[in-house]
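Below are the chains, spelled out letter by letter.
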Amino acid sequence: MGFAYFPHTPDDIRSMLERIGVATIDDLYADVPDDVIFHGDYDLPEALSEEEVRRFFAAIDKKNQPLTVMVGAGAYDHYAPSVIQSIISRSEFLTAYTPYQPEISQGTLRYIFEFQSMIATLTGMECCNASMYDGATSAAEAMMMSIAATRKKSRVLISSTLLPQVRRVVETYAKWHGVKLSVIKHCDGNTDLAHLESLLEGDDVAGVLVPSINRFGIIEDLSGFADAVHSRKALLMVYADPSALAVVRTPGEWGADVTCGDAQPLGIPLSYGGPYVGFLACRKEYVRKLPGRIVGATTDVDGKRAFVLTLQAREQHIRREKANSNICSNQSLMALYVTIYLSLMGKQGLKDVCDLSYGAAHYLHDRLLETGLFADVFDRPFLKEFVLKSDIPTEKLQKALLDGGFFAALQTEEGYVSFCATERRTIEEIDRMVDLIKCIK
């Protein structure tokens, strides 16, 4: 056989053609006009050996410029134990993508169950679904949950301190679902409670979406938010960085009804923007409004622990026009990655990550201020990310840093520059970047 990896032998093909009553494969296309059929030779390169393919892609890879990452904006350069790559390829987990048949999908169902349990613990919520595409779409799904849960209400409030990419995706979903959005202003970098309360006076608000840590890197103070939102029978939704929840107050402790976000900070490599994995968790009373699937634990006929799909909205597949959401996939591989990361790091490991990131970010912050070229914008607590005013034009600053091997000084909507340092950043790297900035002419 000419192609060893094709599943059908010549005898198989001949048997199938005889069964359907044609002599050759070309006969299957007899009704295609001849003038639209390409009769020339395909301009394809010669086949390469495995070693040649490796060299080809290695040459392409050398064109990339490795950079030291000193920005965040929703995607963070955290350490991941090397053993994760090995574990995620094990056959116990790497089974059929969609676990409809529990008897042959126990590995997949098991880690999804563990993913749900760990996210619920981190967020302080009672329920979590199987994973979402990313943080931005999970926020949009949270918005739709609030509309479905409150029925006749059609307006959602979103904080101006949410990440810009999250706001844009939520706005897109809202436009095509007929949801009215209103933006809550911020006061000194924190979502403005007074402005929120004024927007709630119309009694048409289904939900309020605010961040736990915002686009300025500030750890938001959400005191009084739950009382204000619940007094108007609306849902409080919090967009959270799950890594930071090891040390900051959880959405559950703030009184949130729904929590969403991106699990990329839980060890997933930056990978030029993906694939990542979103999460969506809620209080038990809203579990039937969660899109996607929920995996549960039970016992089999022999009394052994087993895992099954517990809940899945029929409307997603049958009455699609009545569905709250038509999402029915989950980022299964990335959910597995996160589950293994959390299992390996444990509670203390997550706290250590935050402690080290806090130390690195505050060291970077103080060193930048010492140059006299930057000034603080907000006097509020931050964990690993912050914004400053820069005396150096942003484009000039970014180019100098890029030429020096750093990805840093991301510009905000207001013209501030954003920096970030995680546990992966060393004192030597930070000092080198600061010395580079001091030499900018």
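Residues numbered from 1 in each chain as written. Predicted model: local features only at pLDDT ≥ 70, side-chain atom pairs only at ≥ 80, totals over all residues. Heavy atoms only, no water.

S.K.: A description of the packing of helix 4 (residues 106-123) against helix 10 (residues 332-370) should follow, citing residues and the corresponding values.
M.R.: The geometry of helix 4 relative to helix 10 is characterised by a closest axis approach of 9 Å and an angle of 50° between their N-to-C directions. Taken together, the axes of helix 4 and helix 10 lie oblique to each other. Classified by chirality, the crossing of helix 10 by helix 4 is left-handed. Where helix 4 approaches helix 10, its residues T108, Y111, I112, E114, F115, M118 and L122 are matched on the opposing element by S332, L333, A335, L336, V338, T339, L342, S343 and L350. (Axes fitted to C-alpha atoms, helices over the stretch in contact; angles between N-to-C directions. Helix = DSSP H or I, 4+ residues; strand = E, 2+ residues; numbered from the N terminus. Parallel < 35°, antiparallel > 145°, perpendicular 65-115°, else oblique. Left-handed = near helix turned anticlockwise from the far one by under 90°. Contact = heavy atoms within 4.5 Å.)

S.K.: Tell me about the environment of H195, and name the residues and values.
M.R.: Here H195 is to be found in helix 7 (residues 193-199). For H195, a relative accessible area of 17% corresponds to the buried category. Excluding anything up to four places from it in sequence, H195 contacts V183, I184 and K185. (Buried < 20%, exposed > 50% of the residue type's maximum accessible area, 1.4 Å probe, protein only.)

S.K.: An account of the sheet that holds strand 4 (residues 180-184) is needed here, citing residue identities and associated values.
M.R.: Strands sit in the order 2-10-9-8-7-3-4 across an open sheet of seven strands; the sheet is mixed. Bordering the open sheet on either side are strand 2 (127-128) and strand 4, each of which pairs with just one other strand. The sheet contact formed by strand 9 (residues 258-262) and strand 10 (residues 278-282) spans five bridges and is antiparallel. Bridging across to strand 10, D262 finds its partner in G278. Packing against the sheet, helix 4 makes contact with strand 2, strand 9 and strand 10, and its axis sits at approximately 65° to strand 10. Of the strands in this sheet, strand 3 (155-159), strand 4, strand 7 (205-211), strand 8 (235-239), strand 9 and strand 10 touch helix 5 (residues 135-150), which is tilted by about 175° from strand 8. (Pairing = 2+ DSSP bridges.)

S.K.: Which residues make up the side chain of T394, and what are the values?
M.R.: By the secondary structure assignment, T394 is in helix 11 (residues 394-403). For T394, the contacting residues outside a window of four places in its chain are A409, Q411, G415 and V417.

S.K.: Tell me about the sheet that holds strand 17 (residues 417-420), residues and numbers included.
M.R.: With antiparallel pairing, the four strands of this open sheet are ordered in space as 13-14-17-16. Only two strands of the sheet have a single neighbouring strand rather than two, namely strand 13 (374-376) and strand 16 (410-411). Where helix 10 meets the sheet, it contacts strand 13, strand 14 (385-390) and strand 17, and its direction lies at approximately 10° from that of strand 14.

S.K.: Can you tell me about the nonpolar core, naming the residues and giving the values?
M.R.: By size, the foremost hydrophobic cluster in this structure holds 59 residues, and its most contacted members are V208, L236 and L266. Elements with a minimum of two residues in this core: helix 4, helix 7, strand 7, helix 8 (225-230), strand 8, strand 10 and helix 10. No other element matches the 12 residues that helix 10 contributes to this core. Setting aside anything within four residues of it in sequence, one finds L236 in contact with V208, V210, F225, A226, V229, H230, W254, G255, A256, D257 and V258. Ranked by size, the runner-up nonpolar core spans 31 residues in total, among them C127, A142, L163 and V170. (Core = buried A, V, L, I, M, F, W, Y, C linked by side-chain atoms within 4.5 Å.)

S.K.: An account of a nonpolar patch on the surface is needed here, citing residue identities and associated values.
M.R.: The grouping of I20, I25, L28, Y29, V32, V36 and I37 at the surface amounts to a nonpolar patch, some 630 Å² of accessible area in total. Here I37 lies in the loop between helix 1 (10-20) and helix 2 (50-61). (Patch = residues over 30% accessible without salt bridge, like charges linked within 9 Å, V, L, I, M, F, W, Y side chains within 5 Å. Areas by Shrake-Rupley, 256 points an atom, 1.4 Å probe, with all protein chains shown as cover. Salt bridge = Lys/Arg side-chain N within 4 Å of Asp/Glu carboxyl O.)

S.K.: Could you give an account of the packing of helix 11 against helix 12 (residues 427-438), with specific residues and numbers?
M.R.: Pairs of packed helices are described in terms of their axes, by the angle between the two and the distance that separates them. Between helix 11 and helix 12, the least distance of the axes is 10 Å, while the angle of their chain directions is 130°. Comparing their axes, helix 12 and helix 11 come out oblique. Here helix 11 and helix 12 pass one another in a crossing that is right-handed. Along its contact with helix 11, which presents L397, A400 and L401, the element helix 12 presents M433, L436 and I437. Within the contact of helix 11 with helix 12, the residues separate by chemical class into six nonpolar, no polar and no charged. (Nonpolar A, V, L, I, M, F, W, Y, C, P; charged D, E, K, R; others polar.)

S.K.: Could you give an account of the packing of aromatic side chains, with specific residues and numbers?
M.R.: Within this structure, the stated rule accounts for eight aromatic pairs. Residues F38 and Y42 carry aromatic rings whose centres are separated by 5.3 Å and whose planes lie at 45° to one another, so their mutual orientation is tilted. For Y42, a relative accessible area of 65% corresponds to the exposed category. When the centroid spacing of 5.2 Å and the interplanar angle of 45° are considered together, the rings of F382 and F386 count as tilted. Taken together, the ring pairs in this structure connect F374, F382, F386 and F419 into an aromatic cluster. The positively charged end of R249 is found above the aromatic ring belonging to W254, 4.3 Å away from the centroid. The residue whose ring lies beneath K384 is Y76, and the NZ or CZ to ring-centre distance is 4.2 Å. (Phe/Tyr/Trp six-rings, centres within 6.5 Å; stacked < 30°, edge-to-face > 60°. Lys NZ or Arg CZ within 6 Å of the ring centre and 35° of its normal.)

Geometric values such as these leave the question of function open.
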